[in-house]
Amino acid sequence: EAYTAAPMSVPKGFLMRDAEAIKAAANVPVIAVGRLNDPLIAEQFVAQGRADIVAIGRQMLADPEWANKVKSGDIEDIRWCTSCSHECLHALMTKFSFKCQVNPELGRDREMAIKPAATRKHIVVVGGGPAGMEAARVAALRGHEVTLFEMEAELGGQYRLAAIPPTKQELLPYIKYQMRQLDKAGVKIKLSAAATVSDVEHLKPDAVIIATGSNPLIPQIPGIDGKNVVDARDVLRFKAITGKKVLVAGGGLVGCETADLLASYGRKVTIVEMLPEIASDMVPGPKYHLLKRLDEQKVDILTSCTIQSFTADGAVVKRDGVEETIRGIETIVLAMGAVADNNLAQKLDGKVKEIHIIGDAEKPGDATGAIAAGAKIGRII
């Protein structure tokens with residue numbers, strides 16, 4: 001799975017040398033595969049005679065109209081596959097389900113057809129992450145007047161943060177796609193605008209969709225309020241600069257990818273995880289490549305290890321019932337989970353006609369669930 005349906009960490013066209021070699025040795029048409037969903041790259045390989053045909057797989061699940069959009073030149077309207085392999089491959093092999101992270105309509109085209117709203121409403125969406133963008137897009141396409149508030153200067157939310165670690169930049173085209181679709185659908189976007197109760201009330205909306213995401217979980221561990229303790233999100237935003245020796249508390253997806261980023265900058269990183277293995281919330285393909293990079297960068301990994309307290313230069317941990325002290329650490333990075341941020345929904349309760357809470361604001365999860373939640377509420381509101 002690490003290469004059969006290669007994740008975004010594998011270069012586009014990584015099998016072209018093999019296709020080229022086969023074409024040189026055989027007098028038959030050669031079909032090339034291997035992350036060739038960028039039409040410019042695919043066209044170049046065929047034009048150079050390195051292959052006769054290019055086959056597209058996962059991209060056609062993300063956007064079944066890919067070929068038509070390429071033919072008509074509407075490349076900016078392509079909903080790009082991120083090569084996450086999470087729902088289309090791993091879920092098919094383990095759950096016998098077949099979905100797509102960025103295309104919640106996959107396999108449900110009739111059920112999820114976008115139909116005009118019976119009554120046009122003014123809808124306020126608070127939060128411009130994956131859930132909020134999709135909800136705003138679908139609601140606007142159904143004929144609603146939509147205003148979207150985003151507290152940051154750019155749309156994307158945590159999806160944009162997720163694109164910062166090494167090899168993850170392929171998430172960005174999906175955000176660009178959503179931005180174009182929101183603009184075409186006529187959604188009014190207010191950036192750098194943390195919506196308040198008065199902001200929402202002033203617009204007198206018929207309905208409000210709360211997609212404000214989540215906040216970092218701060219467990220009650222002695223020393224967690226120390227000056228040397230920072231949050232992983234702030235590290236990814238480059239709001240927090242770490243020292244040369246870093247301890248990452250939490251070895252899930254966020255912790256491991258933050259460690260990968262820091263190690264790529266030359267930091268000496270130690271990951272502490274309470275479970276028996278790190279990256280347990282990742283699917284095999286992407287996980288294989290991430291663990292390989294962490295190994296190559298000599299990241300120390302402590303599993304089945306609980307943190308008892310943080311100190312000025314490290315942490316006290318317990319493994320196999322024995323306490324030990326990790327010293328020489330300059331910065332501690334927290335990646336210990338998330339809690340829903342739905343404070344605005346509570347404040348608006350009773351002040352607006354209709355409130356819906358979606359995505360991480362309802363319950364912290366992944367991008368697949370967030371986008372699906374936005375797609376659902378946009379169709380029924």
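The structure reproduced in this document is the subject of the present report. (Residues numbered from 1 in each chain as written. Predicted model: local features only at pLDDT ≥ 70, side-chain atom pairs only at ≥ 80, totals over all residues. Heavy atoms only, no water.)

The next point concerns the pattern of salt bridges. According to the stated counting rule, one finds 23 salt bridges in the structure shown. Glu134 is the salt-bridge partner of Arg137, the closest N and O atoms lying 2.9 Å from each other. On the criterion of helical spacing, the pair formed by Arg137 and Glu134 is a turn pair, its members being 3 residues apart in helix α6 (residues 130-141). Residue Glu134 is classed as buried on the basis of its relative accessible area, which comes to 1%. Notably, a salt bridge pairs Lys287 with Glu277, separated by 2.6 Å at the nearest N-O pair. Of this pair, Lys287 sits in helix α12 (residues 284-296) while Glu277 sits in the loop between β10 (268-272) and α12; the two residues are 10 residues apart in sequence, bridging distant segments of the chain. Accessibility expressed as a relative area gives 14% for Lys287, which makes it buried. Overlapping salt bridges bring together Arg79, Glu105, Glu134, Arg137 and Arg379 as one network. (Salt bridge = Lys/Arg side-chain N within 4 Å of Asp/Glu carboxyl O. Helix = DSSP H or I, 4+ residues; strand = E, 2+ residues; numbered from the N terminus. Buried < 20%, exposed > 50% of the residue type's maximum accessible area, 1.4 Å probe, protein only.)

The subject of this paragraph is α6. Under the 1.5 Å per step criterion, the end-to-end length of α6 is 17 Å for 12 residues, consistent within 8% with the ideal 16 Å. For α6, a buried count of 11 out of 12 residues is recorded, marking the element as mostly surrounded by other parts of the structure. Considered for burial, the residues of α6 that qualify are Pro130, Ala131, Gly132, Met133, Glu134, Ala135, Ala136, Arg137, Val138, Ala139 and Ala140. Contact partners of the buried residues in α6: β3 (122-126), β4 (145-149), α7 (158-162), α8 (172-185), β6 (207-210) and α14 (367-380). Downstream of α6 by one or two residues, Gly143 has phi in the positive range, about 105 degrees. (Expected span 1.5 Å × (residues − 1). Contact = heavy atoms within 4.5 Å.)

What follows is about the environment of Gly321. Positionally, Gly321 belongs in the loop between β13 (314-319) and β14 (322-326). Taking relative accessible area as the criterion, Gly321 reaches 62% and is therefore assigned exposed. Sequence separation between Gly321 and Gly223 is 98 residues; the distance between their C-alpha atoms is 21 Å.

A separate point is the environment of Leu253. Residue position: Leu253 is located in helix α11 (residues 253-264). For the pair Leu253 and Ser83, spaced 170 residues apart in sequence, the C-alpha to C-alpha distance is 16 Å.

Further remarks concern the packing of aromatic side chains. Within this structure, the stated rule accounts for 3 aromatic pairs. Taking 6.4 Å as the distance between ring centres and 45 degrees as the angle between the ring planes, the aromatic pair formed by Phe238 and Tyr265 counts as tilted. With Phe238 in the loop between α10 (232-236) and β9 (245-249) and Tyr265 in the loop between α11 and β10, the pair connects residues that are 27 residues apart, well separated along the chain. On the accessibility criterion, Phe238 (44% relative accessible area) is partly exposed. The class for Tyr265 is partly exposed, based on a relative accessible area of 45%. Clustering of aromatic rings is evident, with ring pairs tying together Tyr159, Tyr174 and Tyr177. (Phe/Tyr/Trp six-rings, centres within 6.5 Å; stacked < 30°, edge-to-face > 60°.)

This part takes up the sheet that holds β3. Spatial ordering of the open sheet is given by β5-β4-β3-β6-β17, a layout of 5 strands whose pairing is parallel. The two strands at the open ends of the sheet, each matched to only one other strand, are β5 (188-190) and β17 (355-357). Averaged over all neighbouring strand pairs, the angle between strand axes comes to 15 degrees, with direction disregarded. By the bridge criterion, 4 bridges tie β3 to β6 in an arrangement that is parallel. Paired with Val124 across the two strands is Val208, which belongs to β6. (Pairing = 2+ DSSP bridges. Axes fitted to C-alpha atoms, helices over the stretch in contact; angles between N-to-C directions.)

This part takes up a nonpolar patch on the surface. Residues Ile31, Val33 and Ile53 make up a contiguous nonpolar surface patch of roughly 250 Å² in combined accessible area. Its location among the elements puts Ile53 in strand β2 (residues 53-54). (Patch = residues over 30% accessible without salt bridge, like charges linked within 9 Å, V, L, I, M, F, W, Y side chains within 5 Å. Areas by Shrake-Rupley, 256 points an atom, 1.4 Å probe, with all protein chains shown as cover.)

The next thing to look at is the packing of α6 against α14. One can describe the packing of α6 onto α14 by two numbers: an axis separation of 7 Å at closest approach and a directional angle of 25 degrees. Accordingly, the angle class assigned to the pair α6 and α14 is roughly parallel. The hand of the α6/α14 crossing is right-handed. Contact with α6, carried on its side by Pro130, Ala131, Glu134, Ala135, Val138 and Ala139, involves Ala370, Ile371, Gly374, Ala375, Ile377, Gly378 and Arg379 of α14 and no other residues of that element. When the residues that make up the contact of α6 with α14 are grouped by side-chain class, the tally is 9 nonpolar, 2 polar and 2 charged. (Parallel < 35°, antiparallel > 145°, perpendicular 65-115°, else oblique. Left-handed = near helix turned anticlockwise from the far one by under 90°. Nonpolar A, V, L, I, M, F, W, Y, C, P; charged D, E, K, R; others polar.)

So yeah, pure geometry; function would need other evidence.
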